[in-house]
Amino acid sequence: MTFPEAAAVGTLAFYSDFDDFQTWKKALQTQLPALQVIHASQTERPEEIDYAMVWKPPQGIFERMTNLRLIINLGAGVDSLVGRDDLPGNIPITRITDPQMSRMMAGYVLFAVLRHARDIPFFEQAQRSGQWTYRHPRSPEEMTVAVLGLGHLGARAAHEIQRQGFRTLGWSRSLAQIDGVECSAGMETLDSVIGQADIVVLMLPLTPQTRQLFDRARLQKLRPGAAFVNVARGALVDQAALTELLQSGHIGAATLDVFEREPLPAGDALWGMPNVLITPHLASVAIPSSSARQIAANILRVSAGELPDNIVEPSRGY
Ligand code: NDP
């Protein structure tokens, strides 16, 4: 379904080094045929731009967009946008919270959890040495998985994990309610949650409160041999401490999609570690065809003088 009623909704400027401009332009104009979509680098009249849809834009991009009414973060994580000092004041910032993005993330997390729970790295190793090595599967009910961060992405992932029969713990800032998931909230409960888990999954936003939340002391509170999955942001974790704890075996294994520095530098010890699976920050991505609909709905709200949905609160960082 499109929004044909929107006759003249204005001009949107796009900027991303990671996403294809033409694909997004087509997806947006499928929803809003009257929307002008231009690339921010080809703007001759920045004062005519109403909406900016951006992912990691260059410093100063908003400076001459004097009539901007909405900034759309082209992704779910807003940490690279909200901390900047070049944001125009009093303009709502929204982000993408697309159900298809949540499904894609839940698929990745479920894969990582099942891979650890079913000892797949052990069997891959056995296959490489040509050995038929039987290891009896553990039942999911015997295992506990903790999902830290129960937002649009974490809640869906926790739901999928508990459907597999794992005892599932969830942790967030305010207390969440998810069927089949034992939820708790607040810093005072974090160590208890991670201390019970065989697999810990990080799904928190990067904010001043969560940066380096998993420092050496907290990583040492994981159960010996536990698996660690990070699909959130690398800066939540002391990566040097994580590497050492993986080398010592205190942390049994890790699936890492995000890193302190991306790309993960060549020669980093993590690359060569048999108990670590590395993927290049792609656990989930914004899908133009499905995300464009919510972006279009927000543009219509703003052009009608209303507040958009999915507003980010810069003061809390997410
Ligand atoms: P949401 O903003 O919807 O949810 C954030 C969750 O984290 C909420 O449950 C929130 O608690 C909780 N939280 C935030 N701060 C704290 C804190 N200080 N202590 C405890 N809990 C806290 O985010 P999404 O689920 O949409 O996304 C999560 C993150 O995933 C993104 O910020 C991004 O960094 C990452 N991401 C990674 C991708 C990848 O490909 N690897 C792709 C997309 C996103 P409360 O509910 O109380 O607010």
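As the structure is a prediction and not an experimental result, all values here were calculated from the model.

### What about the overall build of the chain?
And step 1. Secondary structure summary: the chain contains nine helices and twelve strands in total.
And step 2. Relative to its length of 318 residues, the chain is compact, with a C-alpha radius of gyration of 22 Å against a globular reference of 20 Å.
And step 3. Counting only C-alpha atoms, the chain reaches 65 × 45 × 40 Å along its principal axes.
And step 4. Put simply, the chain has 318 residues, and 52% of those count as buried.
And step 5. Element-wise, carbon and sulfur atoms account for 51% of the exposed surface of the chain, whose accessible area totals about 15,400 Å².
And step 6. A gap of 3 Å separates the mean positions of the 28 positive and 33 negative side-chain charges of the chain.

### Comments concerning the confidence of the model for the chain
And step 1. Chain-level pLDDT for the chain is 96 on average; 97% of the residues reach the 70-or-more range.
And step 2. The ipTM, which scores confidence in the relative placement of chains, is 0.99 for this predicted complex, and the corresponding pTM is 0.96.

### Digging into helix α6 (residues 187-195)
The α-helix winds at 3.6 residues per turn, so residues separated by three or four positions along the chain end up facing the same way.
And step 1. All of the buried residues along α6 are Leu-190, Val-193 and Ile-194. When α6 is viewed along its axis, its buried side chains cluster within an angular range of 85 degrees and face the same direction.
And step 2. Buried residues along α6 sit in contact with β6 (144-148), β7 (167-172), β8 (181-185), β9 (199-202) and α7 (216-219).

### Considerations on the environment of Ala-286
And step 1. Tracing the chain through its elements places Ala-286 in the loop between β12 (276-278) and α9 (288-303).
And step 2. Taking relative accessible area as the criterion, Ala-286 reaches 12% and is therefore assigned buried.

### A few points about the UniProt feature "domain: D-isomer specific 2-hydroxyacid dehydrogenase NAD-binding" (unreviewed entry) in the chain
And step 1. As annotated in UniProt, the feature "domain: D-isomer specific 2-hydroxyacid dehydrogenase NAD-binding" (unreviewed entry) corresponds to residues 112-283 in the numbering used here.
And step 2. Here residues 112-283 is 29% helix and 20% strand, with 10 Å between the C-alpha atoms at its ends.

### Brief notes about the sheet that holds β7
And step 1. Spatially, the seven strands line up as an open sheet ordered β8-β7-β6-β9-β10-β11-β12, and their pairing is parallel. Looking at which strands have only one partner, the edges of the open sheet turn out to be β8 and β12. Direction aside, the axes of adjacent strands within the sheet are offset by 15 degrees on average.
And step 2. Relative to strand β10 (residues 226-230), β9 runs parallel, the two sharing four bridges. Among the inter-strand pairings, Val-200 is bridged to a residue of β10, identified as Phe-228.
And step 3. Strands β6, β7 and β8 of the sheet are contacted by helix α5 (residues 152-163), whose axis makes an angle of about 170 degrees with β6.

### Section: the site of the ligand
And step 1. What surrounds the ligand is a group of 30 residues, the closest being Arg-95, Leu-153, Ser-174, Asp-257 and Tyr-318.
And step 2. Between the ligand and Val-231, the relevant distance is 2.9 Å, taken from a nitrogen atom to a main-chain nitrogen or oxygen of the residue.
And step 3. Take Arg-233: an N or O atom from its side chain is 3.3 Å from an oxygen atom of the ligand.
And step 4. Look at the ligand: alone it shows 950 Å² of surface, and the protein chains cover 90% of it.
And step 5. Sorting the residues of the shell around the ligand by element identifies α3 (99-117), α5 and β7 as the ones contributing at least two each.
And step 6. In terms of residue count, α5 provides more of the shell around the ligand than any other element does, three residues in total.

### Quick look at empty space enclosed by the protein
And step 1. Summed over all chains, the structure comprises one cavity of 30 Å³ or more.
And step 2. Its volume calculated, the largest cavity comes out at about 50 Å³.
And step 3. Lining the largest cavity, in full, are Asn-230, Gly-234, Val-237, Gln-239, Leu-242, Leu-256, Val-258, Phe-259, Glu-260 and Leu-270.
And step 4. Looking at side-chain class alone, the lining of the largest cavity contains six nonpolar, three polar and one charged residues.

### Considerations on the layout of surface pockets
And step 1. Its boundaries defined by the atoms lining it, the second largest pocket holds a volume of some 420 Å³.
And step 2. When residues of the lining of the second largest pocket are traced back to their parent elements, those giving at least two are α3, α4 (120-128), β10, β11 (251-256) and β12.
And step 3. The element contributing the most residues to the lining of the second largest pocket is α4, with five residues.
And step 4. Broken down by class, the residue content of the lining of the second largest pocket amounts to 13 nonpolar, five polar and eight charged.

### So, the sheet that holds strand β1 (residues 11-16)
And step 1. Reading across the sheet, the five strands line up as β2-β1-β3-β4-β5 and stay open at both edges, with parallel pairing between neighbours. The open sheet has two free edges, formed respectively by β2 (36-39) and β5 (93-94), since each of these has just one partner strand.
And step 2. In the packing of helix α1 (residues 21-31) onto the sheet, the strands contacted are β1, β2 and β3 (51-55), and the crossing angle to β2 comes to about 170 degrees.
And step 3. On the sheet, α9 packs against β1, β3, β4 (70-73) and β5 and is oriented at approximately 165 degrees with respect to β4.

Rules used throughout
Residues numbered from 1 in each chain as written. Predicted model: local features only at pLDDT ≥ 70, side-chain atom pairs only at ≥ 80, totals over all residues. Heavy atoms only, no water. Helix = DSSP H or I, 4+ residues; strand = E, 2+ residues; numbered from the N terminus. Rg over C-alpha atoms; globule rule 2.2 N^0.38 Å. Buried < 20%, exposed > 50% of the residue type's maximum accessible area, 1.4 Å probe, protein only. Areas by Shrake-Rupley, 256 points an atom, 1.4 Å probe, with all protein chains shown as cover. Lys, Arg positive; Asp, Glu negative; His and termini not counted. Charge placed at Lys NZ, Arg CZ, Asp CG, Glu CD. pLDDT = per-residue confidence, 0-100. Arc of directions from axis to C-beta. Contact = heavy atoms within 4.5 Å. UniProt positions renumbered as here; feature names shortened; annotations may be inferred. Pairing = 2+ DSSP bridges. Axes fitted to C-alpha atoms, helices over the stretch in contact; angles between N-to-C directions. Near = heavy atom within 4 Å. Polar contact = N/O pair within 3.5 Å; in protein donor to acceptor, adjacent residues only side chain to side chain. 1 Å grid on protein atoms, 1.4 Å probe; cavity = no way out; pocket = protein on both sides within 12 Å on 5 of 7 lines; lining within 4 Å. Points joined across faces, edges and corners; volume = space filled by probe spheres on them. Nonpolar A, V, L, I, M, F, W, Y, C, P; charged D, E, K, R; others polar.

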